Protein chains: 2
Amino acid sequence: MPRTDEFGLIAEFVKPFKKVPPPRGPGDDCAVLEPTERALCLKTDAVIEGVHFTRKTFSLEDVGHKALAVNLSDLAAAGAEPSWALCALGLPAGTTAKDVRAIGRGMASLANACGLDLVGGNVSRADVLSVTVSVGGLVPEDRVALGRGGAKPGDVLVVTGGLGEAAAGLAVLAATGGRPRSSNEKKLARAQRRPEPHLAAGLVLGEYASACIDVSDGLVQDVGHLCERSKVGAALDTRRFPVSEALLSWAGSRAKAAASMLTGGEDYVLVAAVPEPRVTSLLRAMAKEALVAVPIGEVTRGAKVVVDGRPWAGKGGYRHFE
Amino acid sequence: MPRTDEFGLIAEFVKPFKKVPPPRGPGDDCAVLEPTERALCLKTDAVIEGVHFTRKTFSLEDVGHKALAVNLSDLAAAGAEPSWALCALGLPAGTTAKDVRAIGRGMASLANACGLDLVGGNVSRADVLSVTVSVGGLVPEDRVALGRGGAKPGDVLVVTGGLGEAAAGLAVLAATGGRPRSSNEKKLARAQRRPEPHLAAGLVLGEYASACIDVSDGLVQDVGHLCERSKVGAALDTRRFPVSEALLSWAGSRAKAAASMLTGGEDYVLVAAVPEPRVTSLLRAMAKEALVAVPIGEVTRGAKVVVDGRPWAGKGGYRHFE
């Protein structure tokens, strides 16, 4: 019978993670990491019940997976390799050891797959379930972390995966009460519940790109962030967007799919600006590793995001507090 | 008129913090830190409305201060110097720019005072206000991070400040509706609302102690954690506990004060095990820096925590989910 007090719940949570060799590891006031000669990338992000998921449409494994995945996506955008994570759990009354084990299982399966150590965390009572993860990643030696700044007019904008699927998946989950039926519906739901951070693509982009961002709030909004930081504009060509059969079939037409692709959040693919002379080599390097890379537009002078020749006038994507 | 969308709120929050020189800093997907030759200590902890504070008894500045302080206390216990923080805010609907500025102000004043940079964060909608902070600290060169393990029988247990005051402060806040009147009440309330992490004491202890822990859940429970990890026992002598006039006056008697000192949580003082031959030098080094250090017992063989000669049979202190 597992203990359900604070320390019992922590024990349940950490069980599925690979054991971290000392001096690292949970169970002390701090985790301790040996020095490294590589630059450290840091990120924190949370998933909160009722805001980012509902229990009706997400399993607790999904919640654990996604809480880590959304953080790893930012490491991917920096071209960094995941190293460690801290996890703060807010657990409502009535949370069982089984619940906590499920969250841990979902998170550990992603953490173990990408060689990341859970080095510490915290559990607290809370009104609703929340999982706040902080991650550290290391930039490969002799490289510089990618950021939003650095894109230059003439650079080609390249996306590393399908757009709009996670937003369509959210609609599918709402419409089906969390039980997608067709294989297309299941694919879209998976994009929403189990996004796979594009870490391998980020590592390749680190060699070629001038700037990079992950698509968490919606393509137009996130390209806008990249442009703002780089002091450039962008011209996107929706005809070049990669569109999955699942999304096309769900949307009914390419035009309707485009709306989801432009503003749908949570895809956690990467958009990078790549100097034109390096694009061919990049596409070859990505193909060699069986990774997706599709040119979808270019970086321009000015400060506007232009879509299919017209300045974007619609909403940019998801914003909290709007 | 400040913007109250997601990005406006972030701008309000970061304003009072010292600007972080690139390549660090908020505003990109990740913060990026240059390599350092010092070991890195990591910690995450959260303060949540209704669990750790109420708006009636805490100002939002208090909340910002405390969310960072509880994390820094763990760095203090490791003998590390604060370097950076990440902050994830969960903000209920109706949160204003002024609210967010107040949280930022409370946190920044502590961060700036101890030379820590806010390097990134995240804001999200939430049902109740929560502030989840992750911190990184660096161990001084040629030192090893202090931990809970390493205490040896015969070591002297030393505490770095008053015990039981934060718990008494919580009672004062409840009894006065958040408006302490006498100077004693105000002192106790301050211990609860604005704990000062014992960073300077931790740095001195790093030179002398064999093990260390911060008192967050209550002395007996936290000494128990240290004993468990070090595979030792402890004998505490309540007559040697430092007791403030404020606590004594509130409790009415030394015996009643002792109960609060043994099990009251959130004091965020440090308890360290110090090899007996080094105690005199430690006390001298602490006094030289005007820091408190009081021997309150010793490390023993076995696994029990003994208080005034009797094995402890009461509850250990604060536990979530009990």
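Fair warning: this is a prediction, and the values are worked out from it, not measured in the lab.

(A) Quick peek at the overall build of chain A. The number of helices and strands found in chain A is 10 helices and 12 strands. Principal axes of the C-alpha set define a box for chain A whose edges measure 60 × 50 × 35 Å. When the 322 residues of chain A are sorted by exposure, 60% land in the buried category. Contacts in chain A between residues far apart in sequence, at least 24 positions, make up 86% of those at least 6 positions apart. Element-wise, carbon and sulfur atoms account for 52% of the exposed surface of chain A, whose accessible area totals about 12900 Å². Charge centroids of chain A, computed over 38 positive and 36 negative side chains, lie 5 Å from each other.

(B) Examining the sheet that holds strand β9 (residues 270–274) of chain B more closely. All names here are of chain B. In spatial order, the strands read β7-β9-β6-β10-β8-β11-β12; together these seven strands make up an open sheet with mixed pairing. Looking along the sheet, the strands with just one partner apiece sit at the ends: β7 (211–214) and β12 (310–311). Packed on one face of the sheet, helix α6 (residues 199–208) meets β7 and β9 and runs near 15 degrees to β9. Against the sheet, helix α7 (residues 219–230) makes contact with β7, β8 (233–236), β9, β10 (294–300) and β11 (305–307), and its axis sits at roughly 145 degrees relative to β7, the strand it touches most.

(C) Focus on the pairing of strand β9 (residues 270–274) of chain A. Residue and element names in this part refer to chain A. Counting buried positions along β9 gives five out of five residues, so the element sits mostly inside the fold. Burial along β9 is two-sided: L270, A272 and V274 facing one way and V271 and A273 facing the other are all buried. Bridge analysis of strand β6 (residues 156–159) against β9 gives four bridges, and the strand direction is antiparallel. Residue L157 lies in a different strand from β9, and its bridge partner there is A273. Alignment of strand β7 (residues 211–214) against β9, held across four bridges, turns out to be antiparallel. Directly across from D214, in β9, lies its bridge partner L270.

(D) Quick look at the interface of chain A and chain B. Contact residues are listed per partner, giving 64 residues for chain A and 64 residues for chain B. For the pair chain A and chain B, the summed buried area comes to about 5200 Å², and 56% of that belongs to carbon and sulfur atoms. Inspection of the chain A/chain B interface yields six salt bridges. With a shortest N-O distance of 2.7 Å, R148 of chain B and D29 of chain A are connected by a salt bridge. Taken together, the connections running from chain A to chain B amount to 13 residue pairs in polar contact (both at pLDDT 80 or more). The element that contributes the greatest number of residues to the side of chain A that touches chain B is strand β2 (residues 40–48) of chain A, accounting for eight residues. A class-by-class count of the residues in the side of chain A that touches chain B yields 31 nonpolar, 15 polar and 18 charged. Where strand β1 (residues 31–33) of chain A lies against strand β2 (residues 40–48) of chain B, three bridges are found, and the strand directions are antiparallel.

(E) Seen up close, unusual backbone geometry. You will see that D308 of chain A, though not glycine, has its phi angle at about 50 degrees, which is positive. Take D308 of chain A: it is sitting in the loop between β11 (305–307) and β12 (310–311). Taking the relative accessible area as the measure of exposure, D308 of chain A reaches 37% and is therefore partly exposed. Phi at E266 of chain B takes a positive value of approximately 70 degrees, unusual for a residue other than glycine. With respect to the secondary-structure elements, E266 of chain B resides in the loop between α9 (254–263) and β9.

(F) View of the pattern of salt bridges. According to the stated counting rule, one finds 32 salt bridges over all chains in the structure shown. Close ionic contact of E61 of chain A with R105 of chain A constitutes a salt bridge, the shortest N to O distance being 2.5 Å. Residue E61 of chain A is found in helix α2 (residues 60–77), and its partner R105 of chain A is found in helix α3 (residues 97–113); the two are separated by 44 residues along the sequence. Assessed through its relative accessible area of 23%, E61 of chain A is described here as partly exposed. With its nearest N and O atoms 3.9 Å apart, the salt bridge here joins D28 of chain B to R148 of chain A. Taken together, the residues span two chains, with D28 of chain B in the loop between α1 (6–14) and β1 (31–33) and R148 of chain A in the loop between β5 (130–138) and β6. In this structure, a network of salt bridges that share partners links the residues D28 and D29 of chain A together with R148 and R229 of chain B.

(G) Examining a negative patch on the surface more closely. Together, E37, E141 and D142 of chain A together with E37, E141 and D142 of chain B give the surface a local cluster of negative charge. One can find E37 of chain A in the loop between β1 and β2.

(H) Representation of the relation of the copies chain A and chain B. Superposing chain A onto chain B requires a rotation of 180 degrees together with a translation of 0.0 Å along the rotation axis, leaving an RMSD of 0.0 Å. Such values leave the two copies arranged in the relation of a two-fold axis.

(I) Representation of the sheet that holds strand β4 (residues 117–125) of chain B. Spatially, β1(A)-β2(B)-β5(B)-β3(B)-β4(B) is the arrangement adopted by the five strands of the open sheet, whose pairing is mixed. Sheet topology places β1 of chain A together with β4 of chain B at the edges, where each strand pairs with a single neighbour. The sheet shows a mean angle of 20 degrees between the axes of neighbouring strands, taken without regard to direction. Set on the sheet, helix α2 (residues 60–78) of chain B makes contact with β2, β3 (81–91) and β5 (130–138) of chain B; between it and β5 of chain B the angle comes to about 30 degrees.

(J) Seen up close, the environment of V135 of chain B. All names here are of chain B. Counting through the fold element by element, V135 comes out in strand β5. Classification of V135 by relative accessible area gives buried; the value is 0%. A C-alpha to C-alpha distance of 7.2 Å links V135 and L72, two positions 63 residues apart in sequence. V135 has contacts with C41, L42, K43, L68, N71, L72, L75, W84, A85 and L116, leaving out every residue within four places of it along the chain.

(K) Representation of the side chain of S260 of chain A in the model. All names here are of chain A. The residue S260 is located in helix α9 (residues 254–263) in this model. In this structure S260 comes out as buried when scored by relative accessible area, which is 12%. Excluding residues within four positions of it along the chain, S260 makes contact with G164, A167, A168 and L247.

(L) View of α6 of chain B. Residues and elements named next belong to chain B. Counting buried residues in α6 gives seven out of 10 residues, a clear majority hidden from the surface. Buried within α6 are the following residues: L199, A201, G202, V204, L205, G206 and Y208. Here the buried face of α6 lies against α2, β3, β7, β9 and α10 (279–288).

(M) Region of interest: the packing of α2 of chain B against helix α3 (residues 97–113) of chain B. Residue and element names in this part refer to chain B. The interhelical angle for the contact between α2 and α3, taken along N-to-C directions, is 40 degrees, at an axis separation of 6 Å. The orientation of α2 with respect to α3, classified from their angle, is oblique. As for the relative orientation of α2 and α3, their crossing is right-handed in sense. Contacts between α2 and α3 pair L60, E61, G64, H65, A67, L68, A69 and L72 from the former with D99, A102, I103, R105, G106, M107, L110 and A111 from the latter. The residue inventory of the contact of α2 with α3, partitioned by class, reads 10 nonpolar, three polar and three charged.

What counts and how
- Residues numbered from 1 in each chain as written.
- Chains lettered and ligands numbered in written order.
- Predicted model: local features only at pLDDT ≥ 70, side-chain atom pairs only at ≥ 80, totals over all residues.
- Heavy atoms only, no water.
- Helix = DSSP H or I, 4+ residues; strand = E, 2+ residues; numbered from the N terminus.
- Buried < 20%, exposed > 50% of the residue type's maximum accessible area, 1.4 Å probe, protein only.
- Contact = heavy atoms within 4.5 Å.
- Areas by Shrake-Rupley, 256 points an atom, 1.4 Å probe, with all protein chains shown as cover.
- Lys, Arg positive; Asp, Glu negative; His and termini not counted.
- Charge placed at Lys NZ, Arg CZ, Asp CG, Glu CD.
- Pairing = 2+ DSSP bridges.
- Axes fitted to C-alpha atoms, helices over the stretch in contact; angles between N-to-C directions.
- Buried area = accessible area lost by both parts, 1.4 Å probe.
- Salt bridge = Lys/Arg side-chain N within 4 Å of Asp/Glu carboxyl O.
- Polar contact = N/O pair within 3.5 Å; in protein donor to acceptor, adjacent residues only side chain to side chain.
- Nonpolar A, V, L, I, M, F, W, Y, C, P; charged D, E, K, R; others polar.
- Patch = residues over 30% accessible without salt bridge, like charges linked within 9 Å, V, L, I, M, F, W, Y side chains within 5 Å.
- Least-squares fit on C-alpha atoms with pLDDT ≥ 70 in both.
- Parallel < 35°, antiparallel > 145°, perpendicular 65-115°, else oblique.
- Left-handed = near helix turned anticlockwise from the far one by under 90°.

Note that every value here comes from positions in space, so none of it alone points to a role or purpose.
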